[in-house]
Amino acid sequence: MASTDLVVGDFAIEHAPGHRMRRFFSSAAFWLTIGAFLLFAVFPVYWMFVTTFKQINDLYSLDENPLIFNLAPTLEHVQFLWDQTRYPTWLVNTVEIGVFTVIITLLVSIPAAYALARSRFPGSGTLGIGIFLTYLIPPTLLFLPLSQIVVGLGLINTRWSLVLVYPTFTIPFCTWLLMGFFRGVPREMTEAARVDGCSRLGALFRVVLPVSLPGILTVVIFAFTLTMQEYVYALTFVSEQTEKTVTLGVSADLIRGDVFAWSSLMAGALIISVPVAIAYNFFLDTFVKGITGGAVK
Amino acid sequence: MATVELQHVTKRFGDVLAVNDLNLKIKDQEFLVFVGPSGCGKTTALRMVAGLEQQSGGNIYIGDRLVNDVAPKDRDIAMVFQNYALYPHMNVEQNLAFGLKLRHVGKAEIKRRIDGAAQILALGHLLKRRPRELSGGQRQRVAVGRAIVREPAAFLMDEPLSNLDAKLRIQTRAEIQKLHQRIRTTTIYVTHDQVEAMTMGERIAVMHDGILQQLDTPEALYERPANLFVAGFIGSPAMNFFKGKIVGTPDAPLVDVGLFSVAVPSPQRAAASRALGSEVVYGVRPEHMFVRDGSSPEGVTVEAKVEVVEYLGYEEQVYCSLDSTSFNVRLPAQMRTHVGGRIPLTIPKDRGHVFDAKTEQALAA
Ligand SMILES: Nc1ncnc2c1ncn2[C@@H]1O[C@H](COP(=O)(O)OP(=O)(O)OP(=O)(O)O)[C@@H](O)[C@H]1O
Ligand SMILES: [Mg+2]
């Protein structure tokens, strides 16, 4: 990296003054960029956190520094969210919808992606891109025809309507993502498995899937977050309080006309994003590293 | 253990004829090598035996069983891949045990076989490691071990040494030979390296453009190449070729290459007598020519100009020219040949090979 000293053997290399200046500027630019990016990424989360635990008087006071707690932090808004709204139900709904969507997505995406990644039928490449393109069709276009289907199946106003509809965007996206991971598994590895005693399907389950575990976890988390943040379909298909998701419930119940229950809103957002953030950081990082490598060459 | 037989096996990829009417029978316990230049269809042929590639035509037998429609897992073969294709999520022991567990081999038996293979291949201390924690040579041994423990009817190996460095390659080459002498499993070994083929193969199938050129022992390939391709492919540096014509009498036919005339070697004399006047190619190996001295064998001697000398310590490789024709010879290192000088080279009378210029086949008795 730009910040490390160049050392050869025991001798630090002497730099000419001009060179040293350049090095200083390039490392300053490096840290500035990182810093700016960090600020950009962390600030909203920090704001969410501070707002959640601020007393109302602190929050609306314009005279104090808005970035810190000027009065003691409080759990009042979290309490309100928990006791006075259906937030716990929404949370359960969100997780339930997410889990079912992820399961359906995996069941469809894994075979589809594997077939597209491995088989050599004419147009298999184009088909892969075609599938991804369907992901780009916006929900605002699709919710009208989809609502017909949802009504027809009698699922309107239930969370099952969302379990049905969400795979329409998670499947294309995840299939495309998994294709990349499966392509990274050397063909010889599945062939070795087939010679060793697996059927084609057996090779998929015993070798390709375990080796692609990082990819599959990525897909699980992506699919889950995609469903978690979805709003348009939830808004159009579900109005029953007990069937709502967090995204929908929080924005519908904590914004009354032009009165925003800011702190509870932020609490609602914080509670659901923390586990996901943890999953992203720990889980993936440790899994992605070190599973693969050494298979070939 | 078993024989492997290919009858009229053909493989097409679209317009490419990768393997063209391949017929051969690998004997029980034999170590047979497929060799040929890149793209000649060796891998494709091997993969058809493994069942990883469906042949476009022809029959494949393993033992007495027709396996055309048998899945790879049911063919009772084990394969070693060029890039090893170890399972990265399993340690060495699990890699070795994988195929056995799938076949419901008992625990004690699995242990016995893994211990056996680990001992043969010196893998004992590596059993708990993951493939990524192994060196290239160790991975290669694990790949071979995975094949051994299966105790299959046949081993199929596709350039298993090509990812190793030169020294390790020679060492492992010897180890694979030793291994074969010990367990005698029928083996098909693919390589593009003719030295590997010559040193390892009990018989060698030389392929070119999807067509089997010659199937023979290393000695026969070297002594009696069936055609120009085999003659040029086997041996390093390659055989020298001179265009010429059969002249002389039916009793004593000669090849006249313009610069010199040389007697047709005795095994081909009868065929040559019947082909007086026809266009031929005369081939002689670089190691079969000598600088003339008192004890030189009988033959024809030419004055060649020395163009380049490559000193190798134990010998010299000398690039010569004769008018506009260039060729090379291998001479003892103590010759100290001088570039630009002239040397009298003897072509012994029975070491040459005569090929029909049109069909490129060796003139046969
Ligand atoms: N899957 C495939 N699709 C199309 N053509 C192929 C395929 N596999 C091989 N071929 C073609 O078949 C021919 C033989 O290939 P093959 O892999 O058997 O060569 P090889 O003798 O093993 O060469 P190398 O020494 O480079 O490994 C080549 O012309 C190759 O381009
Ligand atoms: Mg090959």
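As the structure is a computational prediction, the values presented were derived from the model and not from experiment. Residue numbers run consecutively from 1 along every chain, following the written order of its sequence. Lettering for chains starts from A, numbering for ligands starts from 1, and both go in the order in which the items are written. Local features in this predicted model are restricted to residues of pLDDT 70 or higher, and side-chain atom pairs are both shown and tallied only at a pLDDT of 80 or more, whereas totals for entire chains, interfaces and linings draw on every residue. Side-chain numbers here rest on the full set of heavy atoms in the structure, without hydrogens or water.

> Sorry, what's going on with the overall build of chain A here?
If you tally the helices and strands in chain A, you get 14 helices and 4 strands. Per-residue accessibility, obtained with a 1.4 Å probe over protein chains only, is compared with the maximum for each type, and a residue is labelled buried under 20%, exposed over 50%, and partly exposed between these values. A total of 297 residues make up chain A; the buried ones form 39% of that total. It only takes one pair of heavy atoms within 4.5 Å for two residues to be counted as in contact. Across chain A, contacts joining residues at least 24 apart in sequence account for 71% of those joining residues at least 6 apart. Each helix corresponds to a stretch of at least 4 residues labelled H or I by DSSP, and each strand to a stretch of at least 2 residues labelled E; elements are numbered beginning at the N terminus.

> Looking at this structure, I do not really get the site of ligand 1. What am I missing?
In the region of ligand 1, the neighbouring residues are Arg120 of chain A together with Phe13, Val16, Ala18, Ser38, Gly39, Cys40, Gly41, Lys42, Thr43, Thr44 and Glu159 of chain B. Residues are labelled near a given molecule or strand when at least one of their non-hydrogen atoms is within 4 Å of it. Nearby residues around ligand 1 are contributed by chains A and B. Counting of polar contacts relies on pairs of N or O atoms within 3.5 Å, with two restrictions inside protein: one atom must be capable of donating a hydrogen and the other of accepting it, and residues adjacent in sequence are counted only when both atoms are side-chain atoms. Between ligand 1 and Gly39 of chain B there is a distance of 2.8 Å, counted from an oxygen atom to a backbone nitrogen or oxygen. In this description, accessible areas are obtained by the Shrake-Rupley approach with a 1.4 Å probe, and a residue is regarded as covered only by the protein chains that are shown. Calculation on ligand 1 without its partners gives an accessible area of 630 Å², and the protein chains cover 64% of this total. For the shell around ligand 1, the secondary-structure elements that each account for two or more residues are strand E2 (16-26) and helix H1 (42-50) of chain B. Of all the elements, H1 of chain B adds the most residues to the shell around ligand 1, at 3 residues. Side-chain classes are defined by residue name, with Ala, Val, Leu, Ile, Met, Phe, Trp, Tyr, Cys and Pro counting as nonpolar, Asp, Glu, Lys and Arg as charged, and the others, Gly among them, as polar. Looking at the shell around ligand 1, its residues break down into 4 nonpolar, 5 polar and 3 charged.

> What exactly am I supposed to notice about the sheet that holds strand E19 (residues 342-348) of chain B here?
The strands that make up a sheet are held in pairs by hydrogen bonds between backbone atoms, and each pair lies either parallel or antiparallel. All names here are of chain B. Whether two strands pair comes down to DSSP finding at least two bridges between them. If you walk across this open sheet you meet the 5 strands as E15-E19-E16-E17-E18, and the pairing is antiparallel. Unpaired on one side and paired on the other, strand E15 (290-291) and strand E18 (325-332) mark the two borders of the sheet. Pairing geometry for E15 and E19, over 2 bridges, is antiparallel. Bridge pairing in E19 links Phe290 to Thr346.

> Is there a simple way to think about the packing of aromatic side chains in this case?
Note on aromatic pairs: the rings of Phe, Tyr and Trp (six-membered ring only in Trp) are paired at centre separations within 6.5 Å, and the planes decide the class, stacked below 30 degrees, edge-to-face beyond 60, tilted for the rest. Evaluation of the coordinates by the stated rule reveals 23 aromatic pairs over all chains. Between Phe169 of chain A and Tyr233 of chain A the ring centres are 6.3 Å apart and the planes differ by 15°, which places this aromatic pair in the stacked class. Of the two residues, Phe169 of chain A sits in helix H8 (residues 167-183) while Tyr233 of chain A sits in helix H12 (residues 232-237), which places them 64 residues apart along the sequence. An identical accessibility class is assigned to Phe169 of chain A and Tyr233 of chain A; each is buried. Among the aromatic residues, ring-to-ring pairing joins Phe132, Tyr135, Phe173, Trp176 and Phe222 of chain A into one connected group. We count a charge as sitting over a ring when the NZ of a lysine or the CZ of an arginine lies within 6 Å of the ring centre and within 35 degrees of the ring normal. In this arrangement the basic side chain of Arg146 of chain B is found over the ring face of Tyr87 of chain B, its NZ or CZ atom lying 4.6 Å from the centre. If you follow Arg285 of chain B out to its NZ or CZ, it ends over the ring of Tyr222 of chain B, 4.2 Å from the centre.

> I would appreciate a short explanation of the domain arrangement of chain B in the present structure.
The extent of an interface is frequently quoted as the accessible surface area lost upon association of the parts. Residue and element names in this part refer to chain B. When cut into domains, chain B gives domain 1 (4-232) and domain 2 (240-356). On a C-alpha basis, the centres of domain 1 and domain 2 stand 39 Å from each other. Accessible area that two parts lose when put together, evaluated with a 1.4 Å probe and summed over both, is termed the buried area. Interface area for domain 1 against domain 2, summed over the two sides, is near 690 Å², with a carbon-plus-sulfur share of 60%. By the criterion of area lost to domain 2, the three top residues of domain 1 are Tyr222, Leu228 and Ala231, representing 69% of everything that side buries. By convention in these notes, a salt bridge is any Lys or Arg side-chain nitrogen within 4 Å of a carboxyl oxygen on Asp or Glu. At the surface where domain 1 touches domain 2, the tally comes to 0 salt bridges. Linking domain 1 with domain 2 are 2 residue pairs in polar contact (both at pLDDT 80 or more). Of all elements in the fold, only helix H7 (218-223) and helix H8 (228-233) reach the threshold of two or more residues within the side of domain 1 that touches domain 2. Note that domain bounds follow an automatic or database assignment of domains.

> How do you make sense of the domain arrangement of chain A when you look at a structure like this?
All names here are of chain A. Domains assigned within chain A are domain 1 (2-74) and domain 2 (80-296). Across the boundary between the two partners, domain 1 contributes 8 residues, which contact 8 residues of domain 2. The interface formed by domain 1 and domain 2 contains 0 salt bridges. Seen at the junction of domain 1 and domain 2, the total is 3 residue pairs in polar contact (both at pLDDT 80 or more). Sorting the residues of the side of domain 1 that touches domain 2 by element identifies helix H1 (17-53) and helix H2 (56-60) as the ones contributing at least two each. Here the element with the most residues in the side of domain 1 that touches domain 2 is H1; it accounts for 5 residues.

> Please clarify how the nonpolar core should be interpreted in this entry.
As a rule of thumb, soluble globular proteins bury nonpolar side chains together. The term nonpolar core refers to a set of buried residues drawn from Ala, Val, Leu, Ile, Met, Phe, Trp, Tyr and Cys, joined through side-chain atoms within 4.5 Å. One finds Phe182 of chain A together with Leu6 of chain B to be the most contacted residues of the largest nonpolar core, which totals 90 residues. In terms of residue count, helix H4 (residues 87-118) of chain A provides more of this core than any other element does, 10 residues in total. The next biggest cluster of nonpolar side chains, apart from the first, holds 43 residues, and it includes Val33, Leu123, Met157 and Ile234 of chain B.

> Got a minute to help me understand the side chain of His77 of chain A in this structure?
All names here are of chain A. You can see His77 is positioned in helix H3 (residues 76-84). Judged by its relative accessible area of 5%, His77 is buried. At a separation of 3.5 Å, a polar atom in the side chain of His77 contacts the side chain of Ser263. Among residues more than four places away in sequence, those in contact with His77 are Thr51, Thr52, Lys54, Gln55, Ile56, Ser263 and Ser264.

> Is there a simple way to think about the interface of chain A and chain B in this case?
The interface of chain A with chain B comprises 24 residues on the first partner and 29 residues on the second. Taken together, both faces of the contact between chain A and chain B bury some 2300 Å²; the carbon and sulfur share is 58%. Between Asp196 of chain A and Arg150 of chain B there is a salt bridge, and its shortest N-O distance comes to 3.3 Å. Inspection of the chain A/chain B interface yields 11 residue pairs in polar contact (both at pLDDT 80 or more).

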